[in-house]
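Geometric and topological summary
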Amino acid sequence: MAGGTENLEALEAEAHEAIAAAGSVQALREVRARFLGRKGSIAALLRGIGALQPDERGPVGQAVNAAKERVEALAQQREAAIVGEQQARSVAEHRLDVTLPGAAPPVGGLHPVTVVECEMIDFFTGLGFSIEDGPEVETEYNCFDALNIAPDHPSRDLHDTFFVEGGHVLRTHTSPVQIRAMTGRTPPFRFIAPGRVYRHDHDATHAPMFHQIEGFMVDRDVTMAHLKGVLHAFARRLFGDDVRVRFRGHFFPFTEPSAEIDFWWNDRWLEWGGCGMIHPQVLRNCGIDPEQWQGFAFGMGIDRTAMDRFGIPNIHLMLDGDVRVLEQVR
Ligand code: PHE
């Protein structure tokens, strides 16, 4: 029987090795079938017991059964280990760290023109100015005649003005809101009028549509000094306390005297807008007696102001609505 036991030892060692080498539940199942199954090698040994000497049958049978149990126990251990490894791997693969910050959805922001416009409105409403509105399709009268702009004035030229049928134009400036606001009102009053204006212009610094803000104030003793004070405070609000402003004598048909206002920013003078004392004829056109009332008015580009403020070199970069540009201006 010595040979039988040796066989058993070799077989058990082989089974242990095969079990240790099994890398998956499937492979282990095959190993099990090979050694422990009904047609497996251990079963074959058990079947062979009948052919042994009667006195050998007992000890050999016990030895085979003991070996079978050890192999079975080992296979179970191995299976538990394989399943455990698989679970650990799966947990590692699907790990979710709930403390990580979430992916933020992209959010919109205000357009630079809107940012600057809101600041301008905020500044002037703080000074007691109210907002007055007017249509973008305006009468030629409000846009030009009432503002003392003679019929042959170059600003009425086809090169500047978009004409609409029926004596209307796309307003070339926000100044016609002066006429709308003052007509039928008795001073004192102060208004601002931000909005879109249109000119027949298209190059790096001009777009056919852009934005202006108009401001005007009428009272008994309003002077140019008030105008300068207000515009200087306005510039400081937008560009900081160190900003300098300068007034250059100029001509506008609807103000007298008139000036252009510049401000010093990034080491150079930048043109900002026009201003002056409201022309007596404009007051008269609105039914206001210029002997009793005076006022100042000013108008400047909002887009230009935003470009200077945010360092945008080309007006089309700002107005074309390219989010790659706009995202940089926050
Ligand atoms: N309307 C003028 C322009 O568009 C600006 C301006 C407004 C000038 C008010 C004086 C007073 O250029």
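Cut-offs and rules
- Residues numbered from 1 in each chain as written.
- Predicted model: local features only at pLDDT ≥ 70, side-chain atom pairs only at ≥ 80, totals over all residues.
- Heavy atoms only, no water.
- Pairing = 2+ DSSP bridges.
- Helix = DSSP H or I, 4+ residues; strand = E, 2+ residues; numbered from the N terminus.
- Domains from an automatic or database assignment.
- Core = buried A, V, L, I, M, F, W, Y, C linked by side-chain atoms within 4.5 Å.
- Buried < 20%, exposed > 50% of the residue type's maximum accessible area, 1.4 Å probe, protein only.
- Contact = heavy atoms within 4.5 Å.
- Near = heavy atom within 4 Å.
- Polar contact = N/O pair within 3.5 Å; in protein donor to acceptor, adjacent residues only side chain to side chain.
- Areas by Shrake-Rupley, 256 points an atom, 1.4 Å probe, with all protein chains shown as cover.
- Nonpolar A, V, L, I, M, F, W, Y, C, P; charged D, E, K, R; others polar.
- Phe/Tyr/Trp six-rings, centres within 6.5 Å; stacked < 30°, edge-to-face > 60°.
- Lys NZ or Arg CZ within 6 Å of the ring centre and 35° of its normal.
- Salt bridge = Lys/Arg side-chain N within 4 Å of Asp/Glu carboxyl O.

Pairing within the open sheet is antiparallel, and its three strands lie in the order 2-4-3. At either margin of the open sheet sits one strand with a lone partner, and together these are strand 2 (137-139) and strand 3 (163-164). Of the strand pairs in this sheet, strand 2 and strand 4 (residues 168-170) are connected by three bridges, and their pairing is antiparallel. Bridge pairing in strand 4 places Thr-139 opposite His-168.

Okay, the domain arrangement of the protein chain next. Domain assignment breaks the protein chain into domain 1 (2-93) and domain 2 (112-329). Taking the mean C-alpha position of each, domain 1 and domain 2 sit 96 Å from one another.

With that out of the way, let us pick up the nonpolar core. Of all hydrophobic cores here, the largest spans 39 residues; its most connected members are Phe-234 and Phe-296. Elements with a minimum of two residues in this core: helix 5 (112-126), strand 6 (209-219), helix 8 (224-239), strand 8 (255-265), strand 9 (268-278), strand 10 (294-301), helix 10 (302-310) and helix 11 (315-319). Residue contributions to this core peak at seven residues, all from helix 8. The residues contacting Phe-234, other than those within four sequence positions of it, are Met-120, Phe-123, Phe-124, Trp-272 and Met-300. Core analysis: the second largest hydrophobic core is formed by 22 residues, Phe-189, Phe-191, Val-218 and Cys-286 among them.

Taken together, 14 residues surround the ligand, and among them His-173, Ser-175, Arg-199, Gln-212 and Gly-299 come closest. Contacts to the ligand include His-173, whose side-chain N or O atom sits 3.0 Å from a nitrogen atom. A total of 330 Å² of accessible area belongs to the ligand in isolation, and the protein chains cover 90% of it. Residue contributions to the shell around the ligand peak at three residues, all from strand 10. Here the residues of the shell around the ligand are counted per class, giving five nonpolar, seven polar and two charged.

As a further point, take the packing of aromatic side chains. Enumeration according to the criterion identifies 16 aromatic pairs in this entry. Put simply, the rings of Phe-123, Phe-124, Phe-129, Phe-234, Phe-239, Phe-263, Trp-265, Trp-272, Phe-296 and Phe-298 touch in pairs and so form one group of aromatic residues. The ring of Trp-293 carries Arg-220 above its face, with NZ or CZ at 3.9 Å from the centroid. The positively charged end of Arg-244 is found above the aromatic ring belonging to Trp-264, 5.3 Å away from the centroid.

The next thing to look at is the environment of Pro-290. Its place among the elements puts Pro-290 in the loop between helix 9 (280-285) and strand 10. Overall, the relative accessible area of 16% leaves Pro-290 in the buried class. Separated by 70 residues in sequence, Pro-290 and Arg-220 have C-alpha atoms that sit 9.5 Å apart. Aside from chain neighbours lying at most four places away, what touches Pro-290 is Pro-280, Leu-283 and Arg-284.

Turning to the sheet that holds strand 1 (residues 130-131), a few remarks are in order. Strand order in the open sheet formed by seven strands is 1-5-6-10-9-8-7, and the pairing between neighbours is mixed. Strands with a single pairing partner mark the edges of an open sheet, and in this sheet they are strand 1 and strand 7 (244-252). Relative to strand 10, strand 9 is paired through five bridges, and the arrangement is antiparallel. By the bridge assignment, Gly-274 is partnered in strand 10 with Gly-299.

This part takes up the pattern of salt bridges. In the structure shown here, the tally under the stated rule is 16 salt bridges. The partner of Glu-72 in a salt bridge is Arg-32, and the shortest N-O contact between them spans 3.2 Å. With Glu-72 in helix 4 (residues 54-93) and Arg-32 in helix 2 (residues 25-36), this residue pair connects regions lying 40 residues apart in the sequence. Relative accessible area serves as the criterion here: at 22%, Arg-32 is assigned to the partly exposed category. Between Arg-32 and Glu-79 there is a salt bridge; the shortest N-O distance is 3.0 Å. Here Arg-32 is found in helix 2, whereas its partner Glu-79 is found in helix 4, with 47 residues between them in sequence. Connected through shared salt-bridge partners, Arg-246, Arg-248, Glu-260 and Asp-262 make up one network.

Across the junction of Pro-187 and Pro-188, the peptide omega takes the value 5°, indicating a cis bond. Its place among the elements puts Pro-188 in the loop between helix 7 (176-182) and strand 5 (189-198). Omega for the bond connecting Glu-256 with Pro-257 falls within 30 degrees of zero, at -5°, which places this linkage in the cis form. Within the secondary structure, Pro-257 is located in strand 8. The backbone of Asn-148 shows a phi angle near 70°, a positive value even though the residue is not glycine. Turning to its location among the elements, Asn-148 is positioned in the loop between helix 6 (140-143) and strand 3.

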